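# Coordinate inspection notes
Residue-level listing of the chains:
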Amino acid sequence: MNRVEGHDKVTGRALYSAEYPAEGVAYCYPVQSEFARARITGVDASAALAMPGVLAVLSSEDPPELGEDVTGELALFQHREVAYRGQLVAAVVADTYENARAAARAVVVSYEPEPHDVRLRDDHPGLYKPDKVNPDYPADTEKGDVAAGLAEAAATIDVTYTTPVMHNNPMEPHASVAMWSGDGELTVHDSTQGASADRDMIAQALGVPPERVRVVARHVGGGFGSKGTARPNSVLAAVAARAVGRPVKVALTRRQMYDVTGYRTPTIQRVRAGVDAAGRLLALEHEVAEQSSTLVEFAEQTATPARVMYATPALRTAHRLVRLDVATPSWMRAPGECPGMYALESAMDELAVAAGLDPIELRVTNEPDAEPESGMPFSSRNLVACLREGARRFGWDERDPSPGIRRQGRWLIGTGVAASTYPARRRPSQASAAVEDGGYVVKIAAADIGTGARTALTRIAADALGADPAVVRVELGDSDLPYAPLAGGSMGTASWGSAVTMACEDLVRGDGKQGFADTTEAVGAAAKLATHAFGAQFAEVRVDADTGEVRISRMLGVFAAGRIIDETLARSQFIGGMTMGIGMALMEETITDLEFGGFVNHDLAQYHVPVNADIERIEAVWIDEDDDRLNPMGAKGIGEIGIVGTAAAVANAVYHATGRRVRDLPITPAKLI
């Protein structure tokens, strides 16, 4: 299928949040803190209020009325304490964007600065064990005797890896248009990954019933997790609209997004492992240090992949968190698995070298019969098949394992491999289906964030109805539609598709005119199985022997992700994930300003991401995997697994090319010379 919304997008008829027309719309521009930790002693808005077109200035001088339960960055102007540089401390509402921006510069905020701490380190005295890690995993797990296993091992490693702050950078910036009706109902056109959840969070922040809030997000230009929860722009638009009595638009700049829409926490990861003479793991330990803000505890689940991947009699994972004077980290594509598997799969490569084993054979040797930490059976697990098929396609059998010996002119050549995994989740969802105008209309509050959800759900509905997809229309992106979980955690298609399938089946079994489904009971009754997608990534790199420049000559990903609903959409997701993983490996890094707090490189001129010229040959394939115990479609999520193993595959290839192991991402020329 072609994308069902493709024509609307290429002709400009698809409206994104900032583009929705609103009569008499005003514009709101935020004022941000210049300090990482301080107390606001006063806000002088007199000069701003005297400027042309200014309608209002919002600040802690006269805090807007919000709900009792509002917390974190959504508690706009409720307190005088500053928790991080870039925090919103005031906002100007004016008749034009330009007038609002100019007046924001005229607002004078006085502070009492305090010493700040913005640096994560593994010996920080504030490190502690959180009660849980995202979304609800235990912070630590332990089985067997790791120390004894390491002591008995024929080959061991004890290595530390670091990953930097990284930012999501969706193509569409965060923006909101809010308007109140005369009877106190609020409509927000928001750039969000989930209209239902966004509505609930905005309602809670404002202290109004959720049924009086409507969120519309028909088209969303990417999110990568940064739009998975309500952000300050959504609440700011609502309180500003209420203050001036007319619709208000808030459109964050790219630089503002770096401060207030989340980021991937930096990590410090220590991995210890040991194998016997046959290459069987005797012990594996994965410890992580990461950061959160003083406002909200967000603990990324970085070490959890070690609980899933390999069989070992002794396994320990641990997370430690420190609260710093920084913005709150959040979800970024494959939170937990992405940085965690970089460390684990790099460590497996180092362990293979230490033991004199092929990296693929080491992984195959330690393939588990059940999930290592929980002992639960897998619904399906085809990692070995991915590794074998990838090795065949990539020509792995021709590889000389010795590092630093292959050259093509000035280029050093190397290849690397890494495994990948991501949970196959499903959440309760609702959907309706009805006969309308000679066809069918399916309604669900799902989100299409550029992944092709409309197209996938159209195909799923058509299959369930036994109809041509051309006569099926899917409506989504509106919180007034049947409830749906957000597009995130690789659970969208599985969750929404289950509800759509059941609603369509209800229509067919019933009166043939309409059907409805709520999957809450079905999801709750699902079998207790370990459900994960798996994959293997292969990379060939060349490294300039003089400059340290790294180029990716080819990249291959082989995945086992259940039934593939649409091959074109799936290939796009896999390739997009791997491209993002290449960026993680070689260039993505947000630098924290230790002296002043905040971030130094907060725009796309200085935060580098891969472009077409960086991607030469990239291929994504999948194996047939029949898993009928997951959901009605037998599908696993594919939005995140592509990124998970890529950085490690590239890092392992760089080592193979140069003989130099870089353990601190990104791998830049300066670290290789």
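Structure: see above.
In short, a report on the structure. Predicted model, so just to flag it, every value in this text is computed and none were measured.

Definitions and limits used
Residues numbered from 1 in each chain as written. Predicted model: local features only at pLDDT ≥ 70, side-chain atom pairs only at ≥ 80, totals over all residues. Heavy atoms only, no water. Pairing = 2+ DSSP bridges. Helix = DSSP H or I, 4+ residues; strand = E, 2+ residues; numbered from the N terminus. Axes fitted to C-alpha atoms, helices over the stretch in contact; angles between N-to-C directions. Contact = heavy atoms within 4.5 Å. Buried < 20%, exposed > 50% of the residue type's maximum accessible area, 1.4 Å probe, protein only. Salt bridge = Lys/Arg side-chain N within 4 Å of Asp/Glu carboxyl O. Core = buried A, V, L, I, M, F, W, Y, C linked by side-chain atoms within 4.5 Å. Expected span 1.5 Å × (residues − 1). Parallel < 35°, antiparallel > 145°, perpendicular 65-115°, else oblique. Left-handed = near helix turned anticlockwise from the far one by under 90°. Nonpolar A, V, L, I, M, F, W, Y, C, P; charged D, E, K, R; others polar. Phe/Tyr/Trp six-rings, centres within 6.5 Å; stacked < 30°, edge-to-face > 60°. Lys NZ or Arg CZ within 6 Å of the ring centre and 35° of its normal. Polar contact = N/O pair within 3.5 Å; in protein donor to acceptor, adjacent residues only side chain to side chain.

### Some words on the sheet that holds strand β23 (residues 514–518)
Strands sit in the order β22-β21-β20-β23 across an open sheet of four strands; the sheet is mixed. Unpaired on one side and paired on the other, β22 (472–475) and β23 mark the two borders of the sheet. Looking at each pair of strands side by side, their axes are set apart by 15° on average, direction ignored. Of the strand pairs in this sheet, strand β20 (residues 430–436) and strand β21 (residues 439–443) are connected by five bridges, and their pairing is antiparallel. Looking across to β21, one finds that Ser432 is bridged to Lys443. Sheet contacts for helix α11 (residues 453–465): β21 and β22; angle to β22, the most-contacted strand, approximately 130°.

### Let's talk about the environment of Ala91
By the secondary structure assignment, Ala91 is in strand β5 (residues 88–94). The buried category is assigned to Ala91, whose relative accessible area is 0%. As for Ala91 and Gln269, which are separated by 178 residues in sequence, their C-alpha atoms are 39 Å apart.

### Points about the sheet that holds strand β19 (residues 411–423)
Strand order in the open sheet formed by five strands is β18-β19-β24-β25-β26, with mixed pairing between adjacent strands. If you trace the sheet from one side to the other, it starts and ends with β18 (407–408) and β26 (618–622), each paired once. One ladder, built from 13 bridges, connects β19 with strand β24 (residues 532–544); its direction is antiparallel. Residue Thr421 lies in a different strand from β24, and its bridge partner there is Phe534. Contacts between helix α10 (residues 383–394) and the sheet are confined to β19, β24, β25 (550–560) and β26, with β24 contributing the most and set at about 30° to the helix. Seen against the sheet, helix α16 (residues 646–658) touches β19, β24 and β25 and runs at an angle of roughly 155° to β19.

### Comments concerning the pattern of salt bridges
Oppositely charged side chains are able to pair whenever their charged atoms sit close together. Under the definition given, this model contains 43 salt bridges. Here Arg13 makes a salt bridge to Asp8, at a shortest N to O gap of 3.0 Å. Between Glu285 and Arg316 there is a salt bridge, and its shortest N-O distance comes to 3.0 Å. Residue Glu285 is located in strand β16 (residues 281–293), and its partner Arg316 is located in strand β17 (residues 315–324); the two are separated by 31 residues in the primary sequence. We note that Glu285, like Arg316, is buried. When salt bridges with common partners are traced through the structure, they connect Arg214, Arg218, Asp478 and Asp480 into a single cluster.

### Concerning the nonpolar core
The tendency in soluble globular proteins is for nonpolar side chains to be buried side by side. Core analysis: the biggest nonpolar cluster contains 89 residues, and Phe538, Val541 and Val650 have the highest contact counts within it. The dominant element in this core, judged by the number of residues it contributes, is helix α8 (residues 337–355), at nine residues. When residues no more than four places from it in sequence are discounted, the contact partners of Phe538 are Ile360, Cys386, Leu387, Gly390, Ala391, Phe394, Trp396, Gly416, Val417, Arg554, Met555 and Leu556. Val70, Ala91, Val250 and Phe599 belong to the second-largest nonpolar core, a separate cluster that totals 51 residues.

### Considerations on unusual backbone geometry
A cis geometry characterises the amide bond from Asn134 onward to Pro135, with omega recorded as -10°. Turning to its location among the elements, Pro135 is positioned in the loop between β7 (132–133) and β8 (137–138). That bond from Leu665 to Pro666 is cis: its omega, -5°, falls within 30 degrees of zero. Positive phi, normally seen in glycine, also occurs at Phe224, with a value near 55°.

### Quick notes on helix α12 (residues 492–509)
The first and last C-alpha atoms of α12 sit 25 Å apart over 18 residues, in line with the 26 Å expected at 1.5 Å per residue. Where α12 is concerned, the buried positions are Gly492, Ala494, Ser495, Trp496, Gly497, Ser498, Ala499, Val500, Thr501, Ala503, Cys504 and Leu507. Of the surrounding elements, those touching the buried residues of α12 are β20, β21, α11 and β23.

### Regarding the packing of helix α14 (residues 567–586) against α16
The axes of two packed helices give the description: the angle between them and the distance between them. Where α14 contacts α16, the axes come no closer than 7 Å and their chain directions differ by 50°. When the axes of α14 and α16 are compared, the pair comes out oblique. The chirality of how α14 crosses α16 is right-handed. Residues Met578, Gly581, Ile582, Met584, Ala585 and Leu586 of α14 form the contact with α16, whose own contacting residues are Thr646, Ala647 and Val650. Tallied by class, residues from the contact of α14 with α16 come to seven nonpolar, two polar and no charged.

### Considering the packing of α8 against α16
Where α8 meets α16, the axes come as close as 8 Å, and the angle between the chain directions of the two elements is 35°. The interaxial crossing formed by α8 with α16 has right-handed handedness. The residues of α16 that touch α8, namely those facing Met341, Tyr342, Glu345, Ser346, Asp349 and Val353, are Ala647, Ala648, Ala651, Asn652 and Tyr655. Of the residues belonging to the contact of α8 with α16, the class tally is seven nonpolar, two polar and two charged.

### Examining the packing of aromatic side chains
Between two aromatic rings, the relevant description is the distance of the centres plus the angle of the planes. With the rule as written, the count across this model stands at 10 aromatic pairs. Seen from their ring centres, Tyr263 and Phe599 are 5.6 Å apart, and the 75° between their planes marks the pair as edge-to-face. A residue pair is termed long-range when its members are at least 10 positions apart, and Tyr263 in the loop between α7 (254–260) and β15 (267–275) and Phe599 in the loop between α14 and β26 qualify at 336 residues. The same class applies to Tyr263 and to Phe599, which are both buried. Through a chain of ring-to-ring contacts, the aromatic side chains of Phe394, Trp396 and Phe538 assemble into a single cluster. Sitting over the face of the ring of Trp411, Arg542 holds its NZ or CZ atom 5.1 Å from the ring centroid. Of note, Arg554 hangs over the ring of Phe394, and the distance from its end group to the ring centre comes to 3.8 Å.

### Quick word on the side chain of Asn169
Within the fold, Asn169 resides in the loop between β10 (155–163) and β11 (175–180). You can call Asn169 buried: its relative accessible area is 15%. Here the side chain of Asn169 touches Arg254 through a polar contact of 3.3 Å, side chain to side chain. A polar contact is formed between the side chain of Asn169 and the side chain of Tyr258, at a distance of 2.9 Å.

That is the geometry; function is a separate question.
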